[in-house]
Amino acid sequence: MDEFLMSPVGLVGVAVAVLFVLFVLTRFARGSGRAQEPTDGEPLAAEEAAGLQEDVSASPVDAGPTLAERMAQGLTGTRERLVFRMDELFRGRREIDEKLWTQLEELLVTSDVGINTATSLLEKLRVDADRDQLKDPFALRQLLQAQVRSLLSSRSGTLVTDVSDGPAVIVVVGVNGAGKTTTIGKIAARNIAKGRKVIIGAGDTFRAAAIDQLKVWADRAGADLVKHEEGSDPAAVTYDAVSAGVSRGVDLVICDTAGRLHTKSDLMDELQKIHRVVGKAHPGAPHEVLLVLDSTTGQNAVMQARQFAAAVGVTGIVLTKLDGTARGGVILSIADEFDIPVKLIGIGEGVDDLREFDPEVFVSALFGAEEAAMGRGLNSAAAAIDD
């Protein structure tokens with residue numbers, strides 16, 4: 001027997017037997033584990049669900065793109081229209097001449113930067129270029145990027161969602177189609193996710209669809225909705241919403257407003273009335289008057305900002321639809337013309353795609369890596385001569 005076990009055939013037989021025993025034990029252990037799992041319709045215990053959620057959120061597969069990556073993706077259209085065309089303009093040039101300045105101005109204007117803002121940026125650019133005695137056109141790219149960063153940094157701010165004496169009140173204004181409803185829903189959802197109580201006031205009583213859409217967002221986010229019948233006085237709805245927020249001790253009240261009445265003067269008069277009514281319901285409110293602008297409208301967004309700012313004292317701007325437009329250069333016009341901070345930007349349709357405006361991330365996503373701009377780095381002029 002010992003000789004058989006020590007033989008090659010015997011050793012193979014022993015190995016097979018051991019593997020079979022291990023297989024049986026493994027199957028038994030798995031069967032026992034399955035007996036512990038909940039059946040269909042039986043929820044996991046709270047501790048198990050929390051642990052599962054932690055495992056899923058920690059998985060690198062589900063981590064998703066970073067903010068910078070999402071921003072770069074959202075700004076593709078603007079980058080192609082402005083930055084890529086600017087790089088094409090610089091490519092192969094050996095000097096900075098008047099023709100280049102003219103073409104650069106035309107490029108900025110056609111990218112919805114606006115004539116006044118384009119002129120202002122180029123005047124500063126000329127001064128810096130003369131001071132540094134620049135010869136390489138590509139060096140203008142770095143100077144322009146620095147100017148854009150400086151301009152936007154001076155016009156950034158944080159949305160007020162927390163005050164010491166009762167709920168923070170945000171009145172959201174803007175024309176129909178700019179994205180007011182979705183902006184309100186996303187702000188509500190983000191704050192509720194942080195454990196805060198939110199009330200939404202359906203103040204656009206001139207469109208039944210606006211009330212229905214807000215109800216969908218309120219239900220989805222878990223916010224309370226204060227509404228009246230279609231055609232009711234918008235100021236009355238707003239007053240009730242703010243009063244409810246004060247009495248219920250909520251953290252945030254977000255008030256929608258109409259985007260269009262019979263005439264523009266009617267709209268502005270109504271918004272001024274709402275502003276006064278909010279102050280009566282909660283002294284010191286509104287804490288924010290948030291203007292929602294659709295970036296796809298280009299210079300029309302600047303005109304809207306001018307009208308609303310004159311009527312209701314806008315405290316912050318939300319620039320939406322930056323992901324689907326090649327006209328995102330309008331953000332420079334808005335920052336240049338108005339002393340109003342851009343507080344939020346929309347780079348997609350998801351709740352997480354409404355982002356706090358970070359000028360550094362925005363500019364980095366817009367201009368991209370300097371080394372990749374022309375494939376030559378800072379020695380583009382010398383490379384062009386060699387070509």
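Scroll up to find the structure this text is about.
Residues numbered from 1 in each chain as written. Predicted model: local features only at pLDDT ≥ 70, side-chain atom pairs only at ≥ 80, totals over all residues. Heavy atoms only, no water.

K.L.:
Give a description of the packing of helix α5 (residues 76–90) against helix α15 (residues 359–367) that names residues and reports values.
P.N.:
Relative orientation of the contacting elements α5 and α15 amounts to 65 degrees, with a least axis distance of 9 Å. Residue-level inspection shows Thr-78, Arg-79, Val-83 and Met-86 of α5 in contact with α15, the latter providing Ala-365, Leu-366 and Phe-367. (Axes fitted to C-alpha atoms, helices over the stretch in contact; angles between N-to-C directions. Helix = DSSP H or I, 4+ residues; strand = E, 2+ residues; numbered from the N terminus. Contact = heavy atoms within 4.5 Å.)

K.L.:
Lay out helix α11 (residues 234–248) with the relevant residues and their values.
P.N.:
An ideal rise of 1.5 Å per residue puts 21 Å on 15 residues; α11 measures up with 21 Å between its terminal C-alpha atoms. Within α11, the full set of buried residues consists of Pro-234, Ala-235, Val-237, Thr-238, Ala-241, Val-242, Ala-244 and Gly-245. The N-cap residue of α11 is Asp-233: its side-chain oxygen and the backbone nitrogen of Ala-235 are 3.1 Å apart. Following α11 by one or two positions, Gly-249 has its phi on the positive side, about 70 degrees. (Expected span 1.5 Å × (residues − 1). Buried < 20%, exposed > 50% of the residue type's maximum accessible area, 1.4 Å probe, protein only. Polar contact = N/O pair within 3.5 Å; in protein donor to acceptor, adjacent residues only side chain to side chain.)

K.L.:
Residues and numbers for the pairing of strand β4 (residues 252–255), please.
P.N.:
Neither face of β4 is open: one carries Leu-252 and Ile-254, the other Val-253 and Cys-255, and all of them are buried. By the bridge criterion, four bridges tie strand β2 (residues 198–201) to β4 in an arrangement that is parallel. The residue of β4 that forms the bridge with Ile-199 is Val-253. (Pairing = 2+ DSSP bridges.)

K.L.:
Can you tell me about the pairing of strand β5 (residues 288–294), naming the residues and giving the values?
P.N.:
Taking burial as the measure, the seven residues of β5 include seven buried ones, the bulk of the element. Direction of pairing for strand β1 (residues 168–173) relative to β5: parallel, over a ladder of four bridges. Bridge pairing links Ile-170 to Glu-288 in β5. Examined bridge by bridge, β5 and strand β6 (residues 316–320) share five bridges and lie parallel to one another.

K.L.:
Run through the environment of Asn-191, naming residues and quoting values.
P.N.:
On the secondary structure map, Asn-191 appears in helix α9 (residues 180–193). Separated by 30 residues in the primary sequence, Asn-191 and Thr-161 place their C-alpha atoms 8.4 Å from one another. Not counting residues up to four positions away in its chain, the partners in contact with Asn-191 are Thr-161, Arg-196, Val-198 and Leu-252. Polar contacts involving the side chain of Asn-191 include one to the side chain of Arg-196, which spans 2.8 Å.

K.L.:
Pulling in residues and values, what's your account of the nonpolar core?
P.N.:
Counting 75 residues, the largest nonpolar core has Leu-104, Leu-152, Ile-345 and Phe-362 as its most contacted members. Ignoring sequence-local partners within four residues, the contact set of Ile-345 consists of Met-71, Leu-319, Leu-322, Asp-353, Leu-354, Arg-355, Phe-357 and Phe-362. If you look at the next biggest cluster of nonpolar residues, it comprises 26 residues, including Leu-214, Ala-223, Leu-252 and Val-292. (Core = buried A, V, L, I, M, F, W, Y, C linked by side-chain atoms within 4.5 Å.)

K.L.:
Give me the environment of Lys-180: which residues, what numbers.
P.N.:
Here Lys-180 is to be found in helix α9. If sequence neighbours within four positions are ignored, Lys-180 has contacts with Val-172, Val-173, Gly-174, Val-175, Asp-256, Thr-257, Gly-259 and Val-292. A polar atom in the side chain of Lys-180 sits 3.5 Å from the backbone oxygen of Thr-257.

K.L.:
Explain the sheet that holds strand β3 (residues 224–226) residue by residue, including any values.
P.N.:
Spatially, the eight strands line up as an open sheet ordered β3-β2-β4-β1-β5-β6-β7-β8, and their pairing is mixed. Each end of this open sheet is capped by a strand with a single partner; those strands are β3 and β8 (354–356). Averaged over all neighbouring strand pairs, the angle between strand axes comes to 25 degrees, with direction disregarded. Of the pairings in the sheet, the one linking β2 to β3 comprises three bridges and is parallel in character. Bridging from a neighbouring strand, Ile-200 pairs with Leu-225 of β3. Lying on the sheet, α9 is in contact with β1, β2, β4, β5, β6, β7 (342–346) and β8; it crosses β8 at an angle near 65 degrees.

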